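Listed below are the residues making up each chain.
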Amino acid sequence: MVEVYELWTVILSLIVVKLCHWFYQWSNPKCKGKLPPGSMGFPIIGKTFEFMKPHDAIQLPTFVKEKTHRYGPVFRTSLFGAKVIISTDSGLNIEMAKTNHAPGLPKSLARLLGENNLLVQSKESHKHVRSVITQLLGSQGLKLRMMQDIDILTRTHMEEGARNGSLDVKETVSKILIECLAKKVMGEMEPDAAKELTLCWSHFPKGWFRISWINIPGNGIYRMMKAKKEMIRILKETVLKKRASGEEVGEFFKMLLGEVEGGEEMISVESAIEFIFSFFLIANEATPSVLTATVKLISDNPKVMQELKKEHEQIVRGKSEKEKKAGLTWEDYKSMTFTQMVINESLRITSTAPTVLRIIDHEFQFGDYTIPAGWIFMGFPSVHFNPETYDDPLAFNPWRWKEKDLTAIVSKTYIPFGAGSRLCLGADFAKLLMASFIHHLCRYRWSMKTETTVLRRFILMFPGGSDIQISQDTEVDNSAE
């Protein structure tokens, strides 16, 4: 009996030693040089729960601010089971964006996108995808292919909201975005299939990319994976039916498949569908939320609303009856100077998530610290809130953009769409959609439904906060349209 007890004592002691060694190795990762300061937290879990805590929408996450104050602008930690370097240094963020190309994805997002997704494949496939997206969403593509569709869809949904007396901004923008992209990507879809596809989005709440990375029946990841499977089924069935009947698929889909010598397609239909799913997923994550926040910011600033109404009334008043029926033109969009100032300011003040996400592909020296290869790099746009760069940075002030280049989507002091080879190719599309929505909204009498103080927690927590009251009575006569 004594021998058995001693044996168990030895076994338990070895287990404790092993666990202690594992915890020590986790807390003190190996590196050829000196790692940035920080804490790795508990094994696997790391600092994930601290990082995920809700925070004010127009400020960087509390976790990032606290750790930056304690460790400096660059520190190490562990999130979502991965080793992470977090940076609020704008120079380092731009440099890492330019010199590293693989996207740094949390496990939950990587699982959703799939191992064969074109976004995370080779440089060649990524180059092909970027070329195709540029054709669709570049300025020329927007002018020739998207402008009219965005305008018609926005006007249609706005009129429907006015008839109902209210409109959910986030939900409406999501519908406009998906309907517009689906038509270009997939061609005309059967009404039932389009409805099913739209319903699947209800399983992707705001911040889905940051929730639990463990797939357990009933939890968020489980529901999203199930929704992903259903969405891919719908997309695949739509493509196969169109091909079987000889019907044309969307122009984007045809460009995505491409052709090489001998008539063979550059990528498989399955890979193309995986990418289209990811394309919809990522596009639908950011734009509706940012535009909802923009509407709230406008609502809270009467002078901004007044200036916008003045600009958009002028656009309509300058048109003939025939031009009114044709809707917004590219020239109208380019004339929306103050609207672009509002959009730029909204993007600046609401960019509180990391805008540079990379897997570090080579060791990098930053001052006395070594940033090791293989870690995930998260660059936060703290420069957007730097009082040395922007006066009173927490104030929503579109006039700060007066006489500045409103077409620029990235600079050393402005990175809402990231930078480098992974610069968001949908940036111009997002700005066009936002401008179109603001244009049509400004022609109605509207107000936010809920009384809220400044934009605290507005992006992260949306309990009914994206509803507006909208009246069929317009500020400018719409009858000709």
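Just so it is clear, the structure is predicted and the values come from calculations on it, not from any experiment. (Residues numbered from 1 in each chain as written. Predicted model: local features only at pLDDT ≥ 70, side-chain atom pairs only at ≥ 80, totals over all residues. Heavy atoms only, no water.)

**A look at the sheet that holds strand β4 (residues 356-359)**
Sheet strands line up and pair through hydrogen bonds in the backbone, either parallel or antiparallel.
Line of reasoning, step 1. Spatial ordering of the open sheet is given by β1-β2-β7-β4, a layout of 4 strands whose pairing is mixed. Each edge of the sheet is formed by a strand with only one pairing partner; in this case those strands are β1 (74-79) and β4. The average undirected angle you get between the axes of adjacent strands in this sheet is 25°.
Line of reasoning, step 2. Here β4 pairs with strand β7 (residues 376-379) via 4 bridges, running antiparallel. When the bridges of β7 are listed, arginine 358 appears paired with phenylalanine 377. (Pairing = 2+ DSSP bridges. Helix = DSSP H or I, 4+ residues; strand = E, 2+ residues; numbered from the N terminus. Axes fitted to C-alpha atoms, helices over the stretch in contact; angles between N-to-C directions.)

**Concerning the packing of helix α7 (residues 139-164) against helix α8 (residues 169-186)**
Line of reasoning, step 1. Their axes nearest at 10 Å, the elements α7 and α8 cross at an angle of 145°. For the element pair α7 and α8, the recorded crossing hand is right-handed. Across the interface between the two elements, Arg145, Met146, Asp149, Ile150, Leu153, Thr154 and His157 from α7 touch Thr172, Lys175, Ile176, Glu179, Cys180, Leu181, Lys183 and Lys184 from α8.
Line of reasoning, step 2. Counted by class, the contact of α7 with α8 contains 6 nonpolar, 3 polar and 6 charged residues. (Left-handed = near helix turned anticlockwise from the far one by under 90°. Contact = heavy atoms within 4.5 Å. Nonpolar A, V, L, I, M, F, W, Y, C, P; charged D, E, K, R; others polar.)

**Thoughts on the side chain of histidine 312**
Line of reasoning, step 1. For histidine 312, the position within the fold is in helix α13 (residues 302-317).
Line of reasoning, step 2. For histidine 312, a relative accessible area of 1% puts it in the buried group.
Line of reasoning, step 3. With residues up to four places along the chain from it excluded, the contact list for histidine 312 reads Met336, Thr339, Ala435, Ile438, His439 and Cys442. (Buried < 20%, exposed > 50% of the residue type's maximum accessible area, 1.4 Å probe, protein only.)

**A look at α13**
Because the α-helix completes a turn every 3.6 residues, residues three or four places apart line up on one side.
Line of reasoning, step 1. For α13, which comprises 16 residues, the first-to-last C-alpha distance of 22 Å matches the rise-based estimate of 22 Å (1.5 Å per residue) to within 8%.
Line of reasoning, step 2. When α13 is considered as a whole, its buried residues turn out to be Val304, Met305, Leu308, Lys309, Glu311, His312, Glu313, Ile315 and Val316.
Line of reasoning, step 3. Where α13 is buried, its residues touch α12 (269-299), α14 (321-326), α15 (330-334), α16 (337-350), α17 (427-441) and β8 (444-448). (Expected span 1.5 Å × (residues − 1).)

**Concerning the pattern of salt bridges**
Oppositely charged side chains can pair when the atoms bearing their charge come close.
Line of reasoning, step 1. In total, this model carries 10 salt bridges according to the counting rule given.
Line of reasoning, step 2. Linking arginine 233 and glutamate 230 is a salt bridge whose minimum nitrogen-to-oxygen distance equals 2.4 Å. With a gap of 3 residues between them, arginine 233 and glutamate 230 both fall in helix α10 (residues 220-245), about one helical turn apart.
Line of reasoning, step 3. Its relative accessible area of 31% is what places arginine 233 among the partly exposed residues.
Line of reasoning, step 4. Of the charged contacts, one joins arginine 233 and glutamate 237 as a salt bridge, the two residues approaching to 2.9 Å between their closest N and O atoms. A residue pair is termed a helical-turn pair when its members lie 3 or 4 positions apart in one helix, as arginine 233 and glutamate 237 do in helix α10 at 4 residues.
Line of reasoning, step 5. One continuous salt-bridge network, built from bridges that share partners, spans Lys47, Glu50 and Lys67. (Salt bridge = Lys/Arg side-chain N within 4 Å of Asp/Glu carboxyl O.)

**Some thoughts on the environment of valine 129**
Line of reasoning, step 1. Structurally, the position occupied by valine 129 is in helix α6 (residues 123-137).
Line of reasoning, step 2. Its relative accessible area of 2% is what places valine 129 among the buried residues.
Line of reasoning, step 3. In this structure the C-alpha to C-alpha distance between valine 129 and phenylalanine 275, which are 146 residues apart in sequence, comes to 9.0 Å.

**Remarks on the nonpolar core**
Line of reasoning, step 1. Grouped together as the largest cluster of nonpolar side chains are 107 residues, with contacts concentrated most on Phe252, Phe253, Phe280 and Phe437.
Line of reasoning, step 2. Those residues in contact with phenylalanine 252 that lie beyond four places of it in its chain are Val132, Ile133, Leu136, Lys184, Val185, Phe275, Ile276 and Phe279.
Line of reasoning, step 3. The next biggest cluster of nonpolar side chains, apart from the first, holds 17 residues, and it includes Met40, Val74, Ala97 and Phe364. (Core = buried A, V, L, I, M, F, W, Y, C linked by side-chain atoms within 4.5 Å.)

**Description of the packing of α16 against α17**
Line of reasoning, step 1. Between α16 and α17, the shortest axis-to-axis distance is 10 Å and the interhelical angle comes to 120°. With respect to their mutual orientation, α16 and α17 come out oblique. α16 and α17 meet at a crossing whose hand is right-handed. Residues Thr339, Gln340, Ile343, Asn344 and Leu347 of α16 form the contact with α17, whose participating residues are Lys431, Met434, Ala435 and Ile438.
Line of reasoning, step 2. Grouping the constituent residues of the contact of α16 with α17 by class yields 5 nonpolar, 3 polar and 1 charged. (Parallel < 35°, antiparallel > 145°, perpendicular 65-115°, else oblique.)

**Observations regarding the UniProt feature "binding site: heme" (unreviewed entry) in the protein chain**
Line of reasoning, step 1. UniProt records the feature "binding site: heme" (unreviewed entry) at Cys424, using the numbering of this structure.
Line of reasoning, step 2. If you trace the backbone, cysteine 424 turns up in the loop between β7 and α17. (UniProt positions renumbered as here; feature names shortened; annotations may be inferred.)

**Quick word on helix α9 (residues 191-200)**
Line of reasoning, step 1. The set of residues buried in α9 consists of Ala193, Leu197 and Cys200. Buried residues of α9, viewed axially, fall in a sector of 55°; they line one side. For α9, the exposed residues set more than 90 degrees away from the buried face come down to Pro191, Asp192, Lys195 and Leu199. (Arc of directions from axis to C-beta.)

**Section: the pairing of β1**
Line of reasoning, step 1. Of all 6 residues in β1, 6 are buried, a share of seventy percent or more.
Line of reasoning, step 2. Side chains of β1 alternate between two faces, with Val74, Arg76 and Ser78 and Phe75, Thr77 and Leu79 buried alike.
Line of reasoning, step 3. Of the strand pairs in this sheet, β1 and strand β2 (residues 82-87) are connected by 6 bridges, and their pairing is antiparallel. Directly across from arginine 76, in β2, lies its bridge partner isoleucine 85.

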